[in-house]
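Architecture at a glance
What follows is the residue order along each chain.
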Amino acid sequence: MLETINLSKSFKGKKVVQDLNLYLADGESVGLLGPNGAGKSTTISMISTLIKPTSGRITMNGVNAIDKPGEIRSVSGVVPQELALYQELSAYENLKFFGSIYKLRGKELAKAIQQALEFVGLDDRKKDLVRTYSGGMKRRLNIAAALLHRPQILILDEPTVGIDPQSRNHILEAVRTLNQQDGTTILYTSHYMEEVEQLCDRLYIMDHGKVIAAGTKEELLRILSTEDKIKVEVNKLDEAFVEQVKTIEGVHKIEVTELQLKIIAAKGSSLISKLVHLTEKHHIQLLNFQTETPSLEDVFLHLTGRTLRD
Amino acid sequence: MKDVLWAQFAKDKRKPLLVLLLIVGSIAATLLFGGGLQSVTTVVIFSEEANAAEIEKKWGGLLNTNDTFTFEVVEPDKAREDIKKGNSDVAVKLMEDDYRLLVSKNMPSVSSVEQHVKKVFLQEAQIRAVESQEGGDVREEIESYLDDPPFQLVAQGLDSEQITAYNIRTQLLFAFTFLISMFLLGFKVNNVTQDKVAGIWDRMILSPLKKTNMYSGYLLYSFLITMFQIVVVLIVFKYVLQYDVGDNLWLIILIAACFTFGMISIAMLITGFVRTPEQFYAIYPSVIPVIPLVSGVYMMPGTITNPVLLFIADLFPLAHAMEAIMSVVFYGTGLQDVLMSLLYMLLIGIVAMGVGINLVERRSN
């Protein structure tokens, strides 16, 4: 099991990651969710032993991995956010190089390359130069390069940034297969809530270098179990109306988009009758009224006051 | 290490244009600036004395005895205008018994022109001195005398073989080959920064590959490809263009190897100061052309006498490499004679490499 204890990292005096406690059990799929700049990549770099933490510990099966980075390196594969590939070489040549640095040779290397190419669906394009690939294909090859030595833990740092939906689905499906069929432990970072929701058993939500919530999806949603999320559509909106909605007892947050209001309010706060009363008072016509189940995006909004893509 | 070496080679195999261009570039530069194609260089001459026509006729005849140069009389204004605009590298202003060189840019050919003009004026001064003492026209007598002098000075080395005469073309061949090799090795060393930025370096760190093997792979490849370039150019000049590069080619290659190691280390040192490959591309090509200028490799030996410039030149391997090569080519010296130069280059290499790698590692942390 991989564990971090009070892990912190500072760059030039600025704390980028603060007191991060995280664990990864064997065979688990864990998501690290947070907006850009939350400290996810720094966390990944520390866990994969690429950079040393300023303070705190990382243990792998009880062994201090900061002093003995080989403990993690020997069992992990890292898919970096950048495309760490030689653009001038073919997919096959890239994998041959990345496999050979893991001491794979001869038939063993050829088999590992073939399996990795088939796994990411690039077998038919293996002789093409990487620079001729689409963004999605490059991302898939980026993953394949981390799988050659069959790692027990796969650490993926935003592997779907800037690619088409088809490639994205392919990558998500591949990661799910690795976890569910091969039993590979997954640590997946993303700022796409839906990816993490689909893939991961447990989540850590990070913001400003800190873990602000952790647990299974159900546990995190329970944070909002005392609240309702109501979507209201009106024919017109004015500031006075919005201000008065905010003053309704039990209303926690309002998000205004054109002629739509998203309101998060305490359960049983008799919001509906008060809203109807307010619309009549402001001569506003209520077009639609809908109560929604809160999502993880709402949990993040609730915890940080902003959306993941802010 | 061999995996890293293979990856670097595979990249160049796919895109060999840079290496090929640099090889062709060093050959072309030597031929162009060293007059290797034996083309005749035209040098303009003029006089502003009262009897200008007479002076121009007299010195024109005396100067036009060299196959390499043609001295052509032009109007003083035109000569000055061409120098100002940079159309001519050099013009010679003639006086009754003296001359002045007007130089627009310090090209290697200027030294050769100066050498020839000086020789002609000195010889003429000697003839006049004899004429004033002996009286009468002794020119023909002196010239026939000089064709078969009773005393002949023959310079010989310790092994009793005649010493090869100094030749600026040979010097320029090595100067340009080394200049271009510095660019090639620099671009190859920059692959370290490129792969760091791309994340490939991190992949290697996470693998069982040792860091010493990673550095060795990149640096050995830079060394091998640069040596390939130097050796190809030398072979072309020695066996195809019939340049006199001495008989001890292996010693020259050894000197070139020490030079390449020293310069790879300097490139590694610069890598230690930059964060991105683009920064390296901005800094390195600005620094490199200055090294041969400071080291005086485009000029006759001994031209640079400024102690500060000489000190700066000593900090780079080029001055030591050129000194060693010139002594091997022109004076037929052996390994023992050039050992100090080799040791200087190795020392520069070891110090620069140590500091460079240290800086790169500190930056990574």
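Remember, it's a predicted structure, so these values are computed and weren't measured experimentally.

Residue and element names in this part refer to chain B. According to the domain assignment, chain B contains domain 1 (2–34 + 166–364) and domain 2 (41–147). Measuring from the centre of the C-alpha atoms in domain 1 to the corresponding centre in domain 2 gives 40 Å. Taken together, the contact pairs six residues of domain 1 with five residues of domain 2. Across the interface of domain 1 and domain 2, roughly 500 Å² is buried in total on both sides, 71% from carbon and sulfur atoms. On the domain 1 side of the contact with domain 2, Phe33, Ile168 and Met300 bury the most area, a combined 65% of that side's loss.

Attention shifts here to the sheet that holds strand 12 (residues 251–257) of chain A. All names here are of chain A. Taken in spatial order, the four strands make up an open sheet running 12-13-11-14, and their pairing is antiparallel. Two strands lie at the open edges of the sheet, namely strand 12 and strand 14 (286–292), each paired on one side alone. Between one strand and the next, the sheet's axes are offset by a mean angle of 20 degrees, whatever the strand orientation. Here six bridges tie strand 12 to strand 13 (residues 260–266), and the two strands are oriented antiparallel to one another. Following the sheet pairing, Val251 is matched in strand 13 by Ala265. Each of strand 12 and strand 13 touches helix 9 (residues 239–246); the most contacted strand, strand 12, lies at about 155 degrees to it. Where helix 10 (residues 271–281) meets the sheet, its contacts fall on strand 11 (227–234), strand 12, strand 13 and strand 14, and the angle it forms with strand 14 comes to roughly 160 degrees.

All right, on to the pairing of strand 3 (residues 29–33) of chain A then. Residue and element names in this part refer to chain A. Of all five residues in strand 3, five are buried, a share of seventy percent or more. The two faces of strand 3 match: Ser29, Gly31 and Leu33 on one face and Val30 and Leu32 on the other face are all buried. Of the strand pairs in this sheet, strand 3 and strand 9 (residues 202–207) are connected by four bridges, and their pairing is parallel. If you follow Leu33 over to strand 9, its bridge partner there is Ile205.

This part covers the interface of chain A and chain B. By a widely used convention, the size of an interface equals the accessible area lost when the partners come together. Contacts between the two partners involve 28 residues from chain A and, on the opposite side, 24 residues from chain B. Counting the surface lost from both chain A and chain B, the interface buries some 2,300 Å², and carbon and sulfur atoms represent 62% of this. Counting every contact that joins chain A to chain B gives two salt bridges. In this structure, the salt-bridge partner of Arg105 of chain A is Asp3 of chain B, at a minimum N-O distance of 3.4 Å. At the junction of chain A with chain B, the criterion picks out nine residue pairs in polar contact (both at pLDDT 80 or more). When residues of the side of chain A that touches chain B are traced back to their parent elements, those giving at least two are helix 3 (91–100) and helix 5 (135–147) of chain A. Among the elements that line the side of chain A that touches chain B, the one with the most residues is helix 3 of chain A, at five residues. Of the residues in the side of chain A that touches chain B, the class split is 15 nonpolar, five polar and eight charged.

All names here are of chain B. The geometry of helix 7 (residues 168–189) relative to helix 11 (residues 249–273) is characterised by a closest axis approach of 9 Å and an angle of 45 degrees between their N-to-C directions. On the basis of their axis angle, the class for helix 7 and helix 11 is oblique. Judged by the twist between their axes, the crossing of helix 7 over helix 11 is right-handed. Within the contact between the two elements, helix 7 uses Phe174, Phe178, Ser181, Met182, Leu185, Gly186 and Val189 and helix 11 uses Ile252, Ala256, Phe259, Thr260, Met263, Ile264, Ala267, Met268 and Thr271.

This part covers the packing of aromatic side chains. Residue and element names in this part refer to chain B. Counted by the stated rule, this structure contains 14 aromatic pairs over all chains. Ring centres 6.3 Å apart and planes at 45 degrees place the aromatic pair Phe183 and Phe187 in the tilted group. Residue Phe183 and its partner Phe187 are both found in helix 7; the two are separated by four residues, about one turn of the helix. With respect to class, Phe183 is no different from Phe187; both count as buried. Ring plane angle 55 degrees and centroid distance 5.6 Å describe the contact between Phe187 and Tyr281, whose orientation is recorded as tilted. Of this pair, Phe187 sits in helix 7 while Tyr281 sits in helix 12 (residues 277–287); the two residues are 94 residues apart in sequence, bridging distant segments of the chain.

Another point: the side chain of Ser295 of chain B. Residue and element names in this part refer to chain B. Within the fold, Ser295 resides in helix 13 (residues 290–295). Look at Ser295 and you get buried, because its relative accessible area is 16%. From its side chain, Ser295 meets the backbone oxygen of Ile291 in a polar contact 2.7 Å long. Ignoring any residue separated from it by four or fewer positions in sequence, one finds Ser295 in contact with Ile304, Ala313, Leu318 and Ala319.

How each quantity is defined
Residues numbered from 1 in each chain as written. Chains lettered and ligands numbered in written order. Predicted model: local features only at pLDDT ≥ 70, side-chain atom pairs only at ≥ 80, totals over all residues. Heavy atoms only, no water. Domains from an automatic or database assignment. Contact = heavy atoms within 4.5 Å. Buried area = accessible area lost by both parts, 1.4 Å probe. Pairing = 2+ DSSP bridges. Helix = DSSP H or I, 4+ residues; strand = E, 2+ residues; numbered from the N terminus. Axes fitted to C-alpha atoms, helices over the stretch in contact; angles between N-to-C directions. Buried < 20%, exposed > 50% of the residue type's maximum accessible area, 1.4 Å probe, protein only. Salt bridge = Lys/Arg side-chain N within 4 Å of Asp/Glu carboxyl O. Polar contact = N/O pair within 3.5 Å; in protein donor to acceptor, adjacent residues only side chain to side chain. Nonpolar A, V, L, I, M, F, W, Y, C, P; charged D, E, K, R; others polar. Parallel < 35°, antiparallel > 145°, perpendicular 65-115°, else oblique. Left-handed = near helix turned anticlockwise from the far one by under 90°. Phe/Tyr/Trp six-rings, centres within 6.5 Å; stacked < 30°, edge-to-face > 60°.

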